[in-house]
Structure formats: structure tokens, C-alpha cells
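Examination of the molecular architecture
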Amino acid sequence: MSARPSIADLLEQTNRELAGTDARVYRRMADHLQRSSAALDDLRDPQPVDHSNPRALLGKGSFLQQSVASLKRLCKEHRIKGTSKLRKADLAKVLERHGVTPPSPPLESFTKKELIALVRQLLEQG
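Notes on the structure in this doc start here. (Residues numbered from 1 in each chain as written. Predicted model: local features only at pLDDT ≥ 70, side-chain atom pairs only at ≥ 80, totals over all residues. Heavy atoms only, no water.)

1. A short note on the overall build of the protein chain
The helix and strand tally for the protein chain stands at four helices and zero strands. Element order for the protein chain, N to C, with α for helix and β for strand: α-α-α-α. Burial analysis of the protein chain (126 residues in total) assigns 16% to the buried set. Taking all contacts inside the protein chain whose residues are at least 6 apart in sequence as the whole, residues at least 24 apart take part in 65%. Surface summary for the protein chain: the accessible area is close to 10,500 Å², and the carbon and sulfur share equals 56%. (Helix = DSSP H or I, 4+ residues; strand = E, 2+ residues; numbered from the N terminus. Buried < 20%, exposed > 50% of the residue type's maximum accessible area, 1.4 Å probe, protein only. Contact = heavy atoms within 4.5 Å. Areas by Shrake-Rupley, 256 points an atom, 1.4 Å probe, with all protein chains shown as cover.)

2. Section: helix α2 (residues 68–77)
Those residues of α2 not exposed but buried are S70, L71, L74 and C75. Seen end-on, α2 carries its buried residues on one side only, within an arc spanning 145 degrees. Pointing more than 90 degrees away from the buried face of α2 are the exposed residues A69, K76 and E77. One or two positions beyond α2, positive phi appears at R79, with a value near 55 degrees. (Arc of directions from axis to C-beta.)

3. Comments concerning the nonpolar core
F63, L71, L74, C75, I80, L91, A92, V94, L95 and V100 together form the largest nonpolar core, which totals ten residues. Residue assignment for this core shows that the elements contributing at least two residues are α2 and α3 (88–97). The dominant element in this core, judged by the number of residues it contributes, is α3, at four residues. For L95, the residues in contact, after removing those within four places along its chain, are F63, L71, L74, C75, I80 and V100. (Core = buried A, V, L, I, M, F, W, Y, C linked by side-chain atoms within 4.5 Å.)

4. Quick word on the packing of α2 against α3
The relative placement of two packed helices is expressed as an angle between their axes plus a distance between the axes. Relative orientation of the contacting elements α2 and α3 amounts to 30 degrees, with a least axis distance of 10 Å. When the interaxial angle is binned, α2 and α3 end up roughly parallel. Relative to α3, α2 is oriented so that their crossing is left-handed. Between α2 and α3, the residues in contact are V68, L71, K72, L74 and C75 and K88, L91 and L95, respectively. Classifying every residue of the contact of α2 with α3 by side-chain character gives six nonpolar, no polar and two charged. (Axes fitted to C-alpha atoms, helices over the stretch in contact; angles between N-to-C directions. Parallel < 35°, antiparallel > 145°, perpendicular 65-115°, else oblique. Left-handed = near helix turned anticlockwise from the far one by under 90°. Nonpolar A, V, L, I, M, F, W, Y, C, P; charged D, E, K, R; others polar.)

5. A few points about the pattern of salt bridges
The final tally for this structure, using the stated rule, is two salt bridges. The salt bridge involving E12 is made with R16; its shortest N-O contact spans 2.6 Å. Placement of the pair is E12 and R16 together in helix α1 (residues 7–44), with a separation of four residues, close to one helical turn. R16 sits in the exposed class, given a relative accessible area of 59%. As a salt-bridge pair, E77 and R73 come within 3.5 Å of each other at their nearest N and O atoms. One end of the pair is E77 and the other is R73, both in helix α2 and four residues apart, which spans about a single turn. Given a relative accessible area of 47%, R73 falls into the partly exposed group. (Salt bridge = Lys/Arg side-chain N within 4 Å of Asp/Glu carboxyl O.)

Here you go:
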């Protein structure tokens, strides 16, 4: 016959399960409060808006955020030769050496929070 767990063992197991559940709930609550606090801080202290250039809302771009195909396209547009076999980092260096400014980051790279902030800034301009 198998030994059945004692009441003390069952209570201990139940307490451990509850403690684990409570810990997860408290972590989720702490994360939620932290995100809420950050959102409230953003609402209290809005960032200044540059009305002269809507492209400035997207921020400064980086060649490393672009795809290899788009970097090669930039090289072609600026008539930079000998780049067909270069890797991404090398393409970025060549473009920087030739004084090409990186395009704004693609919209797909922004988080939901950043996109909401962009839309708010655009609405404030209009």
C-alpha cells in the first residue's frame, strides 16, 4: 500500500501553491503600477514639439536599423560603387564616410507607446 500524505503535508503543499500564486500576482501588480506611473509622468511632462519638421517626430535614424537591401539602395542612389558584396556594418561605414544621413527609423520599429506619442504630437500640430 502506498502511504497517503498527512494533513500537514497537504497543508504545506497548499501553502506553497498559494505563496507562488501570490508572488506572481504581486509581481504583475507591481509591473502594472510601474507602467501606470510612467504613463502618468509622460502626461504630466509632455515632450516639446518641433512644428517645423514633421519628420523630426520620428527621431534620428541609424543605418544599423535599416535592412541590407535599403542600405544598398541608398548606396545606389548616392552613386557609391563597390558595395554589392559588403555586409551591413560595412555598408553603414561606407555611407557614413560619404556623408549620407541615415533615414528615419521604420515605423515597424516603434513600440505602441512611441506610436501613440507620435500621433498625439501630430494632433497637437493640427
